[in-house]
Amino acid sequence: MESFMKNIQSQTFALNGWDFICSFSNIPFTFFYKNPCPSDDFMPSEQLRNSFLRALQDFPILAGHLVAQGRGYIVVDKNNLNMPEYIESQSPISYEFVEKAKFNWDAMPIQPSTVSAVPTKSITDGKIKLINVHVVRFRNNSGIALFVNMPHYVVDGIGYSAFMKRWAEVNKCMQDGHVQLPHREYAFDRAVQTSAMPEITPPLSTSCSRIYKTKTLLGYILSWLSPETRGTLLVEGNKLFSASGHIFYVSKNAIDKIRQQVTCDGQRLSDNDILTTMISHTVAKGFYDEQENAGIFKSTTRSLMSSFLRPGEFISLMTMDIRPRLKKLSQRSTQYLGGCITGLPVFNTINRLAQAGTNPAAFGTSCLLVRKAVNNLDEKYIGAVDKTLRGSNCYAHSLALAVTTREKIIVTNQTRFGLYDCDFGAGAPKWIGPLPNFVTNYSSILPTNPLDNQGYYVYMSLEKDLMSSVLQNEFWSTHSSFVF
């Protein structure tokens with residue numbers, strides 16, 4: 001701790017519109033590590049905490065205060081740091097017990113997660129912590145569950161991954177007795193991102209205009225609120241539509257089989273195109289069945305809640321990393337770790353997606369909509385979004401639409417984060433899992449273990465009625481297997 005306090009410097013990081021696109025959500029993962037020997041010195045508590053503080057020196061932004069002034073700032077004051085939440089607990093069960101339960105949340109009497117899906121103020125000091133850590137040590141030191149969370153205000157998934165890899169690297173060096181650490185540099189200055197944007201940009205696309213330029217009363221309210229109050233409001237809002245979370249496995253063989261059956265005008269479809277369409281179909285089918293079974297009054301009431309969409313419309317909102325698509329950012333030797341996520345909307349109809357499970361033509365058309373949206377995400381497209389984000393508080397309106405629109409699914413692909421590279425000295429994690437429940441109508445393609453490259457784990461967090469429909473969906477059940 002003394003070394004950390006001595007080396008950290010006071011500084012201020014101005015935030016921008018990109019940081020606020022996903023600011024309603026946290027980035028929470030739980031890493032499960034097995035004691036391979038077993039031995040008493042497996043990931044010892046003091047060393048783990050010391051390596052955390054040393055890694056934090058390279059990520060000073062995570063010890064800053066979130067200040068809601070103008071666009072917002074992260075203020076690092078060495079005399080008044082917003083120290084991370086770091087706690088350790090002892091579990092009465094063994095690692096082997098959890099492993100046999102396939103890392104099911106219900107198998108653990110002490111839950112690793114200490115936060116919800118939404119950034120909210122800490123119960124200890126009323127501040128939003130920019131990193132939360134909970135180490136759960138299993139009985140007889142047989143393994144640990146390492147929960148780490150960061151809010152999207154400060155980094156995105158790439159930034160999260162960079163910190164975890166650095167922490168693991170530092171801990172491994174300490175374990176092996178290496179005095180000299182490998183030198184790493186990271187960029188947090190938002191000016192780095194701004195300078196990478198194209199100078200000439202076209203008008204915002206029609207689909208993006210609907211996301212960023214549709215004004216709502218809730219959007220104005222959210223933009224006026226402090227991050228702490230906004231978080232509290234969103235947490236309470238989530239309780240109105242309680243989510244149910246489950247994990248499924250989709251093999252690459254199942255994806256290849258679908259790829260062979262659909263017609264896509266000669267266009268090569270990626271695994272992500274097909275997975276996104278599979279997930280969208282499954283959720284949209286739930287809405288289709290709901291509309292078929294609901295009375296006129298109930299259907300009308302629910303459609304009014306989603307007035308952003310046209311009657312019978314459905315939106316799949318994919319989160320995409322813009323770094324590889326901005327030449328100046330992709331060529332940097334020092335990786336930029338601020339917010340670089342954009343929401344890529346794919347508008348479809350509930351009827352077409354509902355039919356996609358039994359109609360290869362409808363499935364192929366839906367896949368092509370996804371592929372076209374991804375192909376259109378280039379520098380000019382990103383520049384148009386950047387210009388819009390700099391000109392208004394449109395992020396709050398897009399957040400309001402995401403919160404109030406039911407006929408949607410948010411899909412994020414986390415397979416490229418490289419989180420299974422986080423070896424603290426006793427091997428790679430055996431499993432990396434999400435929260436038991438996240439926001440409603442959300443799905444993620446989870447980080448992939450390099451030892452299992454035969455398929456993908458898909459996490460869904462849906463309204464309970466929708467989840468019941470998913471579990472009964474014949475197409476989804478045929479091409480996936482239930483994990484827990």
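Below: a short report on this structure. Since we're looking at a predicted model, the values are computed, not measured. (Residues numbered from 1 in each chain as written. Predicted model: local features only at pLDDT ≥ 70, side-chain atom pairs only at ≥ 80, totals over all residues. Heavy atoms only, no water.)

### Description of the layout of surface pockets
Remark: the empty space left among the atoms is shown by a probe the size of a water molecule rolled over them. Quantified by volume, the largest pocket comes out at close to 910 Å³. Forming the walls of the largest pocket are 50 residues, and the residues nearest its centre are Thr319, Met320, Ile341, Val411 and Thr412. Along the lines of polarity and charge, the residues of the lining of the largest pocket split into 28 nonpolar, 16 polar and six charged. There is about 440 Å³ of room inside the second largest pocket. Lining the second largest pocket we find 22 residues, and of these Gly237, Asn238, Phe241, Val403 and Thr404 sit closest to its centre. Residue assignment for the lining of the second largest pocket shows that the elements contributing at least two residues are helix 8 (217-224), helix 9 (227-238), helix 17 (394-404) and strand 13 (408-413). When residues in the lining of the second largest pocket are grouped by element, the largest group, four residues, is from helix 9. (1 Å grid on protein atoms, 1.4 Å probe; cavity = no way out; pocket = protein on both sides within 12 Å on 5 of 7 lines; lining within 4 Å. Points joined across faces, edges and corners; volume = space filled by probe spheres on them. Nonpolar A, V, L, I, M, F, W, Y, C, P; charged D, E, K, R; others polar. Helix = DSSP H or I, 4+ residues; strand = E, 2+ residues; numbered from the N terminus.)

### Points about the packing of helix 10 (residues 252-261) against helix 11 (residues 271-293)
Two numbers describe a pair of packed helices, the interaxial angle and the distance between the axes. Relative orientation of the contacting elements helix 10 and helix 11 amounts to 85°, with a least axis distance of 10 Å. By the angle between their directions, the pair helix 10 and helix 11 is classed as roughly perpendicular. Across the interface between the two elements, Lys252, Ile255, Ile258 and Arg259 from helix 10 touch Asp271, Ile274, Leu275 and Met278 from helix 11. When the residues that make up the contact of helix 10 with helix 11 are grouped by side-chain class, the tally is five nonpolar, no polar and three charged. (Axes fitted to C-alpha atoms, helices over the stretch in contact; angles between N-to-C directions. Parallel < 35°, antiparallel > 145°, perpendicular 65-115°, else oblique. Contact = heavy atoms within 4.5 Å.)

### Quick look at the side chain of Ser244
Residue position: Ser244 is located in strand 9 (residues 243-251). Ser244 sits in the buried class, given a relative accessible area of 17%. (Buried < 20%, exposed > 50% of the residue type's maximum accessible area, 1.4 Å probe, protein only.)

### With respect to the packing of helix 11 against helix 18 (residues 464-472)
Axis separation between helix 11 and helix 18 bottoms out at 9 Å; the angle between their running directions is 110°. In terms of their interaxial angle, helix 11 and helix 18 are classed as roughly perpendicular. Handedness of the crossing formed by helix 11 with helix 18: right-handed. Within the contact between the two elements, helix 11 uses Thr282, Val283, Lys285, Gly286, Phe287 and Asp289 and helix 18 uses Leu466, Ser469 and Val470. Tallied by class, residues from the contact of helix 11 with helix 18 come to four nonpolar, three polar and two charged. (Left-handed = near helix turned anticlockwise from the far one by under 90°.)

### A look at unusual backbone geometry
Negative phi values dominate among residues other than glycine, just as trans dominates among peptide bonds. One non-glycine residue with positive phi stands out, namely Asn140, at about 60°. For Asn140, the location among the structural elements is in the loop between strand 6 (132-137) and strand 7 (143-151). Here the phi dihedral of Asn141 falls at roughly 55°; this positive angle occurs in a residue that is not glycine. Examined against the element boundaries, Asn141 turns out to sit in the loop between strand 6 and strand 7.

### Details of the side chain of Thr342
In this structure, Thr342 sits in strand 12 (residues 341-349). Once residues within four sequence positions are removed from consideration, Thr342 is found in contact with Trp18, Ile21, Tyr212, Met318, Thr319, Met320, Ile322, Leu377 and Val385.

### Some points on empty space enclosed by the protein
Following the criterion strictly, the structure yields three cavities of 30 Å³ or more and no others. Its boundaries defined by the atoms lining it, the largest cavity holds a volume of some 80 Å³. What lines the largest cavity is a set of 15 residues, among which Thr30, Trp105, Met108, Pro112 and Pro434 lie closest to the centre. Among the elements of the structure, strand 2 (26-34) and strand 14 (431-433) are those that each provide at least two residues to the lining of the largest cavity. Per-class residue counts for the lining of the largest cavity are 11 nonpolar, four polar and no charged. Approximately 40 Å³ is the volume attributed to the second largest cavity. Forming the boundary of the second largest cavity are Thr277, Ser280, Ser316, Val346, Asn348, Leu353, Ser366 and Val370. Elements supplying a minimum of two residues to the lining of the second largest cavity: helix 11, strand 12 and helix 15 (360-375).

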